[in-house]
Amino acid sequence: MKKALSAQEMYVRSVKRTDHKVRFWRVVLCIAFFAAWEWCTRREIIDSFIFSSPSKLARCFQTLLTSEGLAGHIGITLYETLASFLLVIGISLIFAVLLWRSRTLSRILEPYMVMLNSLPKSALAPLLIVWLGANYKTIILTGISVAVFGSVMSLYTGFLEVDTEKIKLIETLNGTKRDALYKVVLPANIPNLFSIMKVNIGLCLVGVIIGEFIAARQGLGYLIIYGSQVFKMDWVILSILILCIIAMGLYLLLDMVEKMYQKKI
């Protein structure tokens, strides 16, 4: 006789079935979208010159990969994105800690942080290029400028929302602010940090592409601008699709790291 399933086992199976269903429909929707796109271009419902098609993009990918150094363009954009992302996380942690340690400093800087976060970052890119020159360092700085101010504010807000009773307990036991930071504030904000990182990875990619639009001679942003100027729309759409894949891949990588961390605690 089969052993009766417990409520917990039934729940776990239900969750797994739901996960499988979600993955299945994601794949179905993706395949349906590309199939409908190809069908519409073959039936001339949409203009394949303007909107391209999956089959044309596949041929374009092969051509760019072999003759135009597509792998190098992808590598440059990926490097600039990861560099700006890591710098944003480091800068955000440093500034959030400084603001948390000094309420006076936070009150002084808060309106400026809000102002800089609200500033359209695309307006900064031309200035940065004039000041620093058209090079990969400027593009990385553009990526940082898009994400860093909001990241600092979000992380600092998370620091302030930590249970004050735990901090008072450390102070009662003659602990210092440093003890409170390392034993309470930072551990409590690791989930918040992962959430901020998931947002920042996309913002850094956007900032890098903005910089590549204006100053680069390599990278996917350069391919998009150059392709639009010479009416090679296959290059433009293919570069956009690759950017989508990069963004999704980096997000999933961070999500995997977060799940690994959650299993350890």
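**Focus: the overall build of the protein**
- Scanning the protein from terminus to terminus reveals twelve helices and zero strands.
- Over its C-alpha trace the protein gives a radius of gyration of 24 Å, far above what one expects of a compact globule, namely 18 Å for 265 residues.
- With respect to the principal axes defined by its C-alpha atoms, the protein has extents near 75 × 75 × 30 Å.
- Looking at the protein as a whole, 35% of its 265 residues qualify as buried.
- Sequence-distant contacts in the protein: of pairs separated by 6 or more residues, those separated by 24 or more amount to 72%.
- For the protein, the accessible area works out to roughly 16,900 Å², and carbon and sulfur atoms hold 67% of it.
- In the protein, the 28 positive side-chain charges and the 17 negative ones have mean positions that sit 6 Å from each other.

**A word on the pattern of salt bridges**
- Scanning the entire structure with this criterion turns up four salt bridges.
- One salt bridge in this structure joins Asp255 and Lys198, with 3.1 Å as the shortest N-O distance. On the criterion of sequence distance, the pair formed by Asp255 in helix 12 (residues 233-264) and Lys198 in helix 10 (residues 190-215) is long-range, its members being 57 residues apart.
- Lys259 is the partner of Asp255 in a salt bridge, and the nearest nitrogen-oxygen pair spans 3.4 Å. One end of the pair, Asp255, and the other, Lys259, are both in helix 12, four residues apart, so they sit about a helical turn from each other.
- With relative accessibility at 47%, the residue Lys259 sits in the partly exposed group.

**So, the packing of aromatic side chains**
- If you walk through the whole model with that rule in mind, you get eight aromatic pairs.
- Feature note: the residues Phe33, Phe34 and Trp37 constitute an aromatic cluster, connected by ring pairs.
- Just above the ring of Trp100 sits the side chain of Lys177; from NZ or CZ to the centre is 4.5 Å.

**Some details on a nonpolar patch on the surface**
- Nonpolar side chains collect at one region of the surface, where Leu127, Val130, Trp131, Leu132 and Leu141 lie side by side and expose about 520 Å² of accessible area between them.
- The leading source of residues in the nonpolar patch is helix 6 (residues 121-132), at four residues.
- With respect to the helices, strands and loops of the structure, Leu141 is situated in helix 7 (residues 136-160).

**Describing the packing of helix 6 against helix 7**
- The N-to-C vectors of helix 6 and helix 7 enclose an angle of 145 degrees; their axes lie 10 Å apart at closest approach. Between helix 6 and helix 7 lies a crossing whose hand is right-handed. Across the interface between the two elements, Lys121, Leu124, Ala125, Leu128, Ile129 and Leu132 of helix 6 pack against Thr138, Leu141, Thr142, Ser145, Val146 and Phe149 of helix 7.
- Here the contact of helix 6 with helix 7 is composed, by residue class, of eight nonpolar, three polar and one charged.

**Some remarks on the environment of Leu243**
- In this fold, Leu243 is placed in helix 12.
- Judged by relative accessible area, Leu243 falls into the buried class, the value being 12%.
- The residues touching Leu243, leaving out its near neighbours within four places in the chain, are Thr77, Leu205, Ile209, Leu220 and Ile224.

**Comments concerning the confidence of the model for the protein**
- The pLDDT averaged across the protein works out to 88; a share of 98% of its residues lies at or above 70.
- Here helix 6 stands out as the least confident element of the protein, with mean pLDDT 78; helix 4 (residues 70-101) is the most confident, with 94.

**Let's talk about the environment of Trp131**
- Secondary-structure assignment places Trp131 in helix 6.
- Each C-alpha atom of the pair Trp131 and Val97 lies 30 Å from the other, and the pair is 34 residues apart in sequence.

**So, the packing of helix 4 against helix 7**
- The geometry of helix 4 relative to helix 7 is characterised by a closest axis approach of 7 Å and an angle of 35 degrees between their N-to-C directions. Regarding helix 4 and helix 7, the two cross each other, and that crossing is right-handed.
- Residues belonging to the contact of helix 4 with helix 7 are distributed by class as follows: 22 nonpolar, four polar and one charged.

**Details of unusual backbone geometry**
- One non-glycine residue, Glu44, adopts positive backbone phi at about 60 degrees.
- Looking at the secondary structure, you find Glu44 in the loop between helix 1 (7-42) and helix 2 (48-51).
- Here Ser52, not a glycine, exhibits a phi torsion of approximately 60 degrees, which is positive.
- Mapped onto the fold, Ser52 is located in the loop between helix 2 and helix 3 (54-67).

**Some details on the state of the cysteines**
- Following the criterion strictly, the structure yields zero disulfides and no others.
- No disulfide involves Cys204; its nearest neighbouring cysteine sulfur is the one of Cys244, lying 17 Å away.
- Its relative accessible area of 0% is what places Cys204 among the buried residues.

Reading the values: the criteria
- Residues numbered from 1 in each chain as written.
- Predicted model: local features only at pLDDT ≥ 70, side-chain atom pairs only at ≥ 80, totals over all residues.
- Heavy atoms only, no water.
- Helix = DSSP H or I, 4+ residues; strand = E, 2+ residues; numbered from the N terminus.
- Rg over C-alpha atoms; globule rule 2.2 N^0.38 Å.
- Buried < 20%, exposed > 50% of the residue type's maximum accessible area, 1.4 Å probe, protein only.
- Contact = heavy atoms within 4.5 Å.
- Areas by Shrake-Rupley, 256 points an atom, 1.4 Å probe, with all protein chains shown as cover.
- Lys, Arg positive; Asp, Glu negative; His and termini not counted.
- Charge placed at Lys NZ, Arg CZ, Asp CG, Glu CD.
- Salt bridge = Lys/Arg side-chain N within 4 Å of Asp/Glu carboxyl O.
- Phe/Tyr/Trp six-rings, centres within 6.5 Å; stacked < 30°, edge-to-face > 60°.
- Lys NZ or Arg CZ within 6 Å of the ring centre and 35° of its normal.
- Patch = residues over 30% accessible without salt bridge, like charges linked within 9 Å, V, L, I, M, F, W, Y side chains within 5 Å.
- Axes fitted to C-alpha atoms, helices over the stretch in contact; angles between N-to-C directions.
- Left-handed = near helix turned anticlockwise from the far one by under 90°.
- Nonpolar A, V, L, I, M, F, W, Y, C, P; charged D, E, K, R; others polar.
- pLDDT = per-residue confidence, 0-100.
- Disulfide = S-S within 2.5 Å.

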